[in-house]
Amino acid sequence: MKDSLLPVADSKSNNSFLRSACSSHVMTLMARLALLSTAATAIGLYCFQSDIFLSSPDLTQILSSHTCIFDDGRPEHRVCRFHNLLIHESNIHYIYSGPRPELPVIMANWHHDYYFEAVVTHVHELTDAMKAAPVMRIKAATLTWRQWHLNWYHGVGESIFEIYSSACTYLDYCGSQRNSSELTPIFIEKPGDEETWEEALPPAASALKCLYPTQAWWIKDKAIQDKVLLVETAVAGIGPFNRKWKGFEEKGVEFHSVYEPVPEWLSHRYRNLLVQCYNVKWPSIKAEGPYEVTLVNRQYHKGRSMLNSAAVITSMKAMKQVSSVKLVYMELLTFRQQLEAYAKAQVLVMGHGAAFANIMFMAPDSVVIVYNWIPTYTASQISPHSWITEYMQDLALPVNFVGTSMDDRRHILPQKEVGQLVLCLAANRLAVCLCADAVQQNAVSAVTAFCCTLSAQRTRGRFLTSHNLPIIWFCCTSFVLGIVSNH
């Protein structure tokens, strides 16, 4: 034991002393090893989270490359994987030596006709500022263009879904097979909103971290302007399917001709990961009722407020199909409380707005009734509820949907819309509908109320209203129910 860390015991020493000494030194050694291990882990975690090289690499030895992994000849569909991109002072640099390469045309945002942009830079054209800057290593990244992302619906229903779609489909970062903390979302819109999700829309930042906990970056973030981001692998492009609100009239028709429906396997994975992340618990729902109803309203000064919500609640409570009614205002709830309100709802009534993105967290076979003031676009036959029906289709949500719209808008002030007195209880293939006048505050006449339900077809396992599904409109005024038209 000449080289041992333990003391050499004399043959005359008693066994108890030997055991005591050995035990003491072993424990000391183990404690030191534990400290070293903890320190190493902490250092490694710090370095990984900051992604800063302990010694900056020689950028002149780094060359970029790319390959297009989906390419049918259309920039709207093209998806390419890049290696060794450099990001500095809000620009993406593609580094080359030898003949100047021609980069493929890649669409990054269809609605705004925005394309992926990279500065093709010869290795000898690297600036002194780039060579001297601290280098942040990013193992894998998505390069996406966010659209209206400070709105919760567009944030979680479009921008974050696009990140997940790109990372999972083309980089195999699906939240299970590979370490999701290796994936860094990078946003490439220029110009863009100066406010971050952490500042302006914390729920979006929270949802993104559920999927990919690493710090996300916008290429114009002030924190990285004096640094170089070395992106080892990145993917850019939309692909053959696109989870966005399509648009009205010609734009909506064109979108349907360009992009395919979102694959259901991808939708299920996305929803399940977020549901698991927030530990959402669902109630059991009996098709025959009675139902627990949640009415989501807005404060008056926020606009789109249902002014006669008290009367609505009274009418609901009088129905034998209703066991209870709960009135909630999203503005007064934390994000966690908002999710719980939607998750616990068996039947949920709400006006058009970004909060309907929360139906992702509603229980299977629950019902959402959405009312709005938007006219039907007859030229394109696009539903006034296309925001929500397309969202439900793309995410394969197992939730029943009933949409209502009012045509008489004479007493509706801009951004102070009045909701109809509506209750539509749908269970499986049955819908019961009760409507009455909705009265504008201080108005002489009532707004004509319409209640619609759908002669439901089960599509991909759920009920949906859509412009291509048969819809039966039930219209009633002053509690007189009757079928007046059949579209």
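For every chain, the first residue of its written sequence is number 1, and the numbers climb from 1 along that sequence. The predicted nature of this model means local features are confined to residues of pLDDT at least 70 and side-chain atom pairs, given and counted, to a pLDDT of 80 or more, with totals for whole chains, interfaces and linings taken over all residues. Each side-chain value is derived from all of the structure's non-hydrogen atoms; neither hydrogens nor water enter the calculation.

Below, the discussion takes up the pattern of salt bridges. Definition used for salt bridges: Asp or Glu carboxyl oxygen within 4 Å of a side-chain nitrogen of Lys or Arg. Going through the model one piece at a time under the given rule, you end up with nine salt bridges. The salt bridge involving R74 is made with E76; its shortest N-O contact spans 3.3 Å. Exposure categories follow from relative accessible area, calculated using a 1.4 Å probe and restricted to protein chains: below 20% of the type maximum is buried, above 50% is exposed, and the middle band is partly exposed. We classify R74 as partly exposed; its relative accessible area is 31%. Its salt-bridge partner being R146, residue E189 comes within 2.7 Å of it at the nearest N-O pair. One end of the pair, E189, is in the loop between strand 8 (183–187) and helix 4 (197–200); the other, R146, is in the loop between strand 7 (135–144) and helix 3 (152–171), and 43 residues separate them in sequence. Numbering of helices and strands starts at the N terminus; helices are DSSP runs of H or I of at least 4 residues and strands are runs of E of at least 2.

Here, expected helix span is obtained from the residue count minus one, scaled by 1.5 Å. The end-to-end C-alpha distance of helix 7 (residues 264–277) is 20 Å, a good match for the 20 Å that 14 residues give at a rise of 1.5 Å each. Buried residues of helix 7: L266, S267, Y270, R271, L274 and V275, and no others. Along the axis of helix 7, the buried positions cluster into a sector of 160°, meaning they face one direction only. Structurally, helix 7 contributes buried residues whose contacts are with helix 3, helix 5 (202–211) and helix 10 (386–394). At the exit of helix 7 stands N279, carrying a positive phi of roughly 55°. To be clear, the arc concerns the directions from the helix axis to the C-beta atoms. Residues are treated as being in contact if the distance between any of their heavy atoms lies within 4.5 Å.

So, about the environment of L333. As for its position among the elements, L333 is in the loop between strand 12 (322–329) and helix 9 (335–344). In contact with L333, other than residues within four places in its own chain, are V328 and Q338.

Bringing the state of the cysteines into the picture now. We call a pair of cysteine sulfur atoms a disulfide whenever their separation is within 2.5 Å. Going through the model one piece at a time under the given rule, you end up with three disulfides. There is a disulfide in this structure between C68 and C80, and the S-S distance comes to 2.1 Å. Handedness of the C68-C80 disulfide follows from its S-S torsion of about 75°: it is right-handed. With C68 in strand 1 (residues 65–70) and C80 in strand 2 (residues 79–88), this pair connects stretches of sequence that are 12 residues apart.

As a further point, take the packing of helix 3 against helix 5. Orientation of helix 3 relative to helix 5, taken along the N-to-C sense of each, is 25°, at an axis distance of 10 Å. Judged on the interaxial angle alone, helix 5 and helix 3 are roughly parallel. As helix 3 packs across helix 5, the resulting crossing turns out to be right-handed. Here W152, V156, I160, I163 and Y164 of helix 3 come into contact with helix 5, specifically with P203, A204, A207, L208 and L211. Asp, Glu, Lys and Arg are counted as charged, while Ala, Val, Leu, Ile, Met, Phe, Trp, Tyr, Cys and Pro are counted as nonpolar; the rest, among them Gly, fall into the polar class. Each residue belonging to the contact of helix 3 with helix 5 can be placed in one class, and the counts come to 10 nonpolar, no polar and no charged. Simply put, an axis is a line fit to the C-alpha atoms, just over the touching stretch for a helix, and the angle between two N-to-C directions goes from 0 to 180 degrees. Under this scheme an angle from 65 to 115 degrees is roughly perpendicular, one under 35 degrees roughly parallel, and one over 145 degrees roughly antiparallel; angles in between are oblique. By definition, turning the near helix anticlockwise from the far helix through less than a right angle yields a left-handed crossing, and turning it clockwise yields a right-handed one.

Along strand 3 (residues 91–96), five of the six residues are buried, which leaves the element largely enclosed by surrounding structure. The rule for pairing is simple: two strands pair if DSSP sees at least two bridges between them. Relative to strand 3, strand 2 is paired through three bridges, and the arrangement is antiparallel. Pairing of I87 across the sheet is with I92, part of strand 3. Counting the residues in the hairpin turn of strand 2 and strand 3 gives two residues, including E89, whose phi is positive at 50°. Bridge count between strand 3 and strand 6 (residues 119–122): four bridges; the pairing is parallel. When the bridges of strand 6 are listed, I95 appears paired with T121.

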